[in-house]
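The primary structure of each chain is shown beneath.
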Amino acid sequence: MKKVMCFGTFDVLHLGHLNYFKEAKKHGNYLIVVIARDKTKELQKKQTVFSETERLELIQSLRIVDQALLGYPDNHFKIIKEYEPDVICLGYDHKISEQELKQNLLKIGLSPEIKRIPSYNPHQQKSSLIKELILKRP
């Protein structure tokens, strides 16, 4: 079994998220999706529409996702060490570079493949844009 892990907030689920999961799943046969914690989003000063438990429930309900988990707010690498994926897929907008992630993983004894998933229609299928449109509606 080849485990693939991807990460995100997944607030206001949309086609860009589904594309991310489909593309990630092409790199293995067991997809683990790690959902950002509310505390992490607060520290980043980013507001979410749905709570971490609601986002977890939404992601768990998707057929393409084999396992959905909440991350650890105090140590983002802990969940990677715990599940030891063969492949880590980053979204196009994840801030960390593949090289930086690879170096950090080597420090904890892991060397999964790192893949960057390209954007899917980023001018329409982006959570921040969708939230903005929703909030503008009368």
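Quantities reported herein were computed from a predicted structural model and do not represent experimental measurements.

What counts, and at which threshold
- Residues numbered from 1 in each chain as written.
- Predicted model: local features only at pLDDT ≥ 70, side-chain atom pairs only at ≥ 80, totals over all residues.
- Heavy atoms only, no water.
- Helix = DSSP H or I, 4+ residues; strand = E, 2+ residues; numbered from the N terminus.
- Buried < 20%, exposed > 50% of the residue type's maximum accessible area, 1.4 Å probe, protein only.
- Contact = heavy atoms within 4.5 Å.
- Areas by Shrake-Rupley, 256 points an atom, 1.4 Å probe, with all protein chains shown as cover.
- Salt bridge = Lys/Arg side-chain N within 4 Å of Asp/Glu carboxyl O.
- Disulfide = S-S within 2.5 Å.
- Pairing = 2+ DSSP bridges.
- Right-handed = clockwise from strand over helix to strand, strands pointing away.
- Arc of directions from axis to C-beta.

Student: Would you take a moment to explain the overall build of the protein for this structure?
Tutor: For the protein, the helix and strand inventory stands at 6 helices and 5 strands. Here the protein, with 138 residues, has 37% of them falling under the buried criterion. Considering only intrachain contacts with a sequence separation of at least 6, the fraction spanning at least 24 residues in the protein is 73%. Carbon and sulfur atoms make up 52% of the accessible area of the protein, which totals about 8500 Å².

Student: Mind showing me how you'd approach the pattern of salt bridges here?
Tutor: When their charged atoms lie close together, side chains carrying opposite charge are able to pair. Summed over the entire model, instances satisfying the criterion amount to 7 salt bridges. A salt bridge links Glu113 to Lys2; the nearest nitrogen and oxygen atoms lie 3.3 Å apart. Here Glu113 is found in strand 5 (residues 113-116), whereas its partner Lys2 is found in the segment before strand 1 (3-8), with 111 residues between them in sequence. Owing to a relative accessible area of 35%, Glu113 belongs among the partly exposed residues under this scheme. Look at Lys2 and you get partly exposed, because its relative accessible area is 35%. The partner of Arg116 in a salt bridge is Glu98, and the shortest N-O contact between them spans 3.4 Å. Taken together, the positions of Arg116 in strand 5 and Glu98 in helix 5 (residues 98-107) put the pair 18 residues apart, joining distant regions of the chain. Residue Glu98 is classed as partly exposed on the basis of its relative accessible area of 30%.

Student: How should I be thinking about the state of the cysteines in this particular structure?
Tutor: Formally, a disulfide is one covalent bond, and it connects the sulfur atom of one cysteine to the sulfur atom of another. With the rule as written, the count across this model stands at 0 disulfides. For the unlinked cysteine Cys6, the closest cysteine sulfur is that of Cys89, found at 6.5 Å.

Student: Explain the pairing of strand 4 (residues 87-90) here, please?
Tutor: Walk down a regular strand and you will see the side chains alternate between the two sheet faces. Side chains Val87 and Cys89 of strand 4 all project onto a buried face; the interleaved residues Ile88 and Leu90 project onto the opposite face, where all are buried too. Taken together, the 3 bridges between strand 1 and strand 4 define a ladder with parallel strand orientation. Bridging across to strand 4, Met5 finds its partner in Ile88. When strand 4 meets strand 5, the two strands line up parallel, connected through 4 bridges. Within strand 5, the residue paired with Cys89 across the bridge is Lys115. Note that the unit made of strand 4, helix 5 and strand 5 has a crossover that is right-handed.

Student: Would you explain the environment of Asp86 in this entry?
Tutor: One can find Asp86 in the loop between helix 4 (78-83) and strand 4. Assessed through its relative accessible area of 33%, Asp86 is described here as partly exposed. Residues Asp86 and Lys2, 84 residues apart in the sequence, show an inter-C-alpha distance of 6.0 Å. Setting aside anything within four residues of it in sequence, one finds Asp86 in contact with Met1, Lys2, Lys3, Pro112 and Glu113.

Student: Sorry if this is basic, but what is going on with helix 3 (residues 52-60) here?
Tutor: Think of an α-helix as 3.6 residues a turn; residues three or four steps apart then line up on the same face. Among the residues of helix 3, Glu52, Arg55, Leu56 and Ile59 are the ones counted as buried. Taken down its axis, helix 3 places every buried residue within 100 degrees of arc, on the same side. Contact partners of the buried residues in helix 3: helix 1 (15-25), strand 2 (30-35), helix 2 (38-43) and strand 3 (67-70).

Student: Help me out: how do you make sense of the environment of Pro112 in this one?
Tutor: Within the element layout of this structure, Pro112 appears in the loop between helix 5 and strand 5. Between the C-alpha atoms of Pro112 and Lys102, which are 10 residues apart in sequence, the distance is 7.9 Å. If we ignore the near neighbours within four places in the chain, the residues touching Pro112 are Pro85, Asp86, Val87, Ile88 and Leu105.

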